Amino acid sequence: MFDGADAASIDLDFRSGLLDPSITFTRTTTGTYRVLGGLASAAINSPRFEQDPITGRSLGMLMEEGSTNLQPASADPSSASWSKLNLTIGGSPITAPDGTASGYLLSATATGVATQFRTGTITITGTNVTGSAFIKKGSLTTVVMSLALAGVIQASASYNFDTGQTLSTGGAVVAVIPVGNGWFRLCMTLTTWTSGGSCRFFIGFSGGSGVTAGDSFYFWGGQLEAKAYPTSYIPTTTMSLARGADSAVMSGVRFSSWFNQNAGTFVVGNSGIIPGASGIALQADDGTADERHSIAVNVGSCTATCVDTGSSQASMTVTPVTQTNAAVHAYAYANDNFAYSVNGSAVQTDTAGTMPTVNALGIGMTSAGASHLNGPVSFLRYYPFRIQNELLPGLTA
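Figured I'd write up the structure that's included with this text.

Conventions adopted
- Residues numbered from 1 in each chain as written.
- Predicted model: local features only at pLDDT ≥ 70, side-chain atom pairs only at ≥ 80, totals over all residues.
- Heavy atoms only, no water.
- Pairing = 2+ DSSP bridges.
- Helix = DSSP H or I, 4+ residues; strand = E, 2+ residues; numbered from the N terminus.
- Axes fitted to C-alpha atoms, helices over the stretch in contact; angles between N-to-C directions.
- Phe/Tyr/Trp six-rings, centres within 6.5 Å; stacked < 30°, edge-to-face > 60°.
- Buried < 20%, exposed > 50% of the residue type's maximum accessible area, 1.4 Å probe, protein only.
- Core = buried A, V, L, I, M, F, W, Y, C linked by side-chain atoms within 4.5 Å.
- Contact = heavy atoms within 4.5 Å.
- Disulfide = S-S within 2.5 Å.
- Salt bridge = Lys/Arg side-chain N within 4 Å of Asp/Glu carboxyl O.

**Topic: the sheet that holds strand S23 (residues 247-251)**
Consider a sheet: its strands pair through backbone hydrogen bonds, and that pairing is either parallel or antiparallel. With respect to topology, seven strands assemble into an open sheet ordered S2-S23-S32-S25-S26-S27-S28, the strand pairing being antiparallel. Looking along the sheet, the strands with just one partner apiece sit at the ends: strand S2 (24-26) and strand S28 (311-321). Taken over all neighbouring pairs, the strand axes of this sheet differ in orientation by 15° on average, direction set aside. By the bridge criterion, eight bridges tie strand S27 (residues 300-308) to S28 in an arrangement that is antiparallel. Across the sheet, Thr-305 pairs through a bridge with Ser-315, a residue of S28.

Written out as C-alpha cells, the structure is:
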C-alpha cells in the first residue's frame, strides 16, 4: 500500500479549522455555517469550517456560491413581512439554532378553519425556487410546506417528526437537515417555476379541515431563494439580503512552488454537498475553462476532466456516487496517461491527451470563482508525480 505522506508537496486538512496562509480566501459578507448543536456566523473574509451539528465531527471548509434570502424579517414571525391567519405566536421563545432566544411557538387558534403562516408575496426570477425554514416539534407530529404561484399551490411537502418520513407532491424535491437540539431545517425546491411569477411559501400547517386548535410547532429562520437547492441560512431584518460567494485560491509562487505541469496526482475529499447541487471540488487552471484539470461532484456521479487549448483531453466518470455523502477522489495525470478513482472504486482511465498549462488552483470552485462545490472540502493533497493506477483506490477508500 502506498504511504505518500512525506511525498506530498502540499497536504492541507481543512477539518483542522485552520486556513493555510498560502490560500487567499475572500467573501464580501458574513456567512452562517453548521457547528455542534446549531449554527454560527463567520466574519467577512473568514472561512467557514463546518461541523456535523449532531456529532461535532469536523467536515471541512464550506465553499458556497452567493445567494439572496428574499424574505425580510427571516426569524421574526411577528413582523408584517409574514402573513398569519388564525394562529398565535408564543410569548416565551426558546433557544434557536443560532443560540439566541428567538425560536417561537406558532399555534392554531381554531379547529377546521384555514390556518396559515407564510412569506409575503415575492417575485421569483428564473425557473428555480427553494423555500426553507428551521422547525422544531411542538404538538404537531407532521408539518407541511407548500409553494404557491399567484395564490395557487404548485407543490407541497410534509415531514413526520416521529418517523422521519417525507412526502411530496407536484414534483417538489425535499431535504431535511438535522441541526441539533431537536431542530431540523426543512427545504423544498421546484425547478419548474414560471419566471416572474409571484411566490408564497407556506410553512407548518396543512390548511383548513385538518387543523385542530392548539396544533403547534416551533419556527425560526425562514428563507426563500431563486435557486435549485437550498444554501446556507441568510438572516434578514427589514429587507432581503445577499450572501457573498466564498473564494479560496492559490496562485503565483504559492501555486507553482508545489505543482508539476507534466505529471502529478491530486487527492481531495469533500463531505457531501447540498441535494440537487453540483460543483467543483478543485480545479487547477489558467483563469479560464480552456486550460484545466478539474474534479467535479455531480448528481449521482463524480468526474475528473483535463482540457488543453479549449479541447477535452480526458474525461473520466465514476457512478453511482451519492452527492450528499462524503467522497474522496484521486486523479492522476501525465501525457497520454490519466486515471481517476472515487471512494475505492475501480480505476477509470484515459490514454490519450496532452497537458494544459495552468497557474492557479481553485479550492471548491474554479480559480475564477465559478461552479462552487456548495459543500465542505475536507482535505487536499498533491503529489508532484504520477501515482500508479493500482494504488489510487487505496488513497480513496
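**Some remarks on the packing of aromatic side chains**
One pair of aromatic rings is described through two measures. These are the centre distance and the angle between the planes. For the coordinates displayed, the defined rule picks out 21 aromatic pairs. Here the aromatic cluster, defined as three or more aromatic residues joined through ring pairs, consists of Phe-255, Trp-258, Phe-259, Phe-266, Tyr-331, Tyr-333 and Tyr-382.

**Some thoughts on the pairing of strand S29 (residues 327-334)**
The buried fraction of S29 is high, at eight of eight residues. Burial along S29 is two-sided: Ala-327, His-329, Tyr-331 and Tyr-333 and Val-328, Ala-330, Ala-332 and Ala-334, pointing in opposite directions, are all buried. Relative to S29, strand S24 (residues 263-270) is paired through eight bridges, and the arrangement is antiparallel. The residue of S29 that forms the bridge with Gly-264 is Tyr-333.

**Observations concerning the nonpolar core**
If you look at the biggest cluster of nonpolar residues, it comprises 47 residues, and the most contacted ones within it are Phe-266, Tyr-331, Leu-361, Ile-363 and Leu-380. The element that contributes the greatest number of residues to this core is S28, accounting for four residues. Not counting the four nearest positions on each side in its chain, Tyr-331 is found in contact with Gly-264, Thr-265, Phe-266, His-293, Ile-295, Ala-304, Thr-305, Cys-306, Met-316, Phe-338, Ala-339 and Tyr-340. Formed by 34 residues, the second largest nonpolar core is a distinct cluster that contains Ile-124, Val-129, Tyr-159 and Phe-217.

**Details of the pairing of strand S16 (residues 152-160)**
Examined bridge by bridge, strand S15 (residues 142-149) and S16 share eight bridges and lie antiparallel to one another. If you follow Val-144 over to S16, its bridge partner there is Ser-158. Counting the residues that bridge the hairpin from S15 to S16 gives two residues, and of these Ala-150 lies at a positive phi of roughly 50°. Judged from the four bridges that link them, S16 and strand S17 (residues 166-169) form a sheet pairing that is antiparallel.

**Description of unusual backbone geometry**
The phi torsion at Asn-181 lies on the positive side, around 55°, for a residue other than glycine. You can see Asn-181 is positioned in the loop between strand S18 (173-180) and strand S19 (183-190). The phi torsion at Asn-374 lies on the positive side, around 60°, for a residue other than glycine. Here Asn-374 lies in the loop between strand S32 (360-363) and strand S33 (375-383).

**Topic: the environment of Ala-263**
Its place among the elements puts Ala-263 in strand S24. Ala-263 gets classed as buried once you look at its relative accessible area, which sits at 16%. Discounting residues that sit within four places of it in the chain, Ala-263 has contacts with Tyr-333, Ala-334, Tyr-382, Pro-384, Phe-385 and Arg-386.

**A look at the state of the cysteines**
Applying the stated criterion to the full structure yields zero disulfides. Lacking any disulfide linkage, Cys-306 is separated from the closest cysteine sulfur, that of Cys-302, by 18 Å.

**As for the pattern of salt bridges**
In total, this model carries eight salt bridges according to the counting rule given. One salt bridge in this structure joins Glu-64 and Arg-243, with 3.6 Å as the shortest N-O distance. With Glu-64 in the loop between strand S6 (58-63) and strand S7 (67-69) and Arg-243 in strand S22 (residues 241-243), this residue pair connects regions lying 179 residues apart in the sequence. According to the relative accessible area criterion, Arg-243 is buried, its value standing at 4%. Lys-137 is the salt-bridge partner of Asp-162, the closest N and O atoms lying 2.7 Å from each other. With Asp-162 in the loop between S16 and S17 and Lys-137 in strand S14 (residues 129-137), this pair connects stretches of sequence that are 25 residues apart. Classification of Lys-137 as partly exposed rests on a relative accessible area of 33%.

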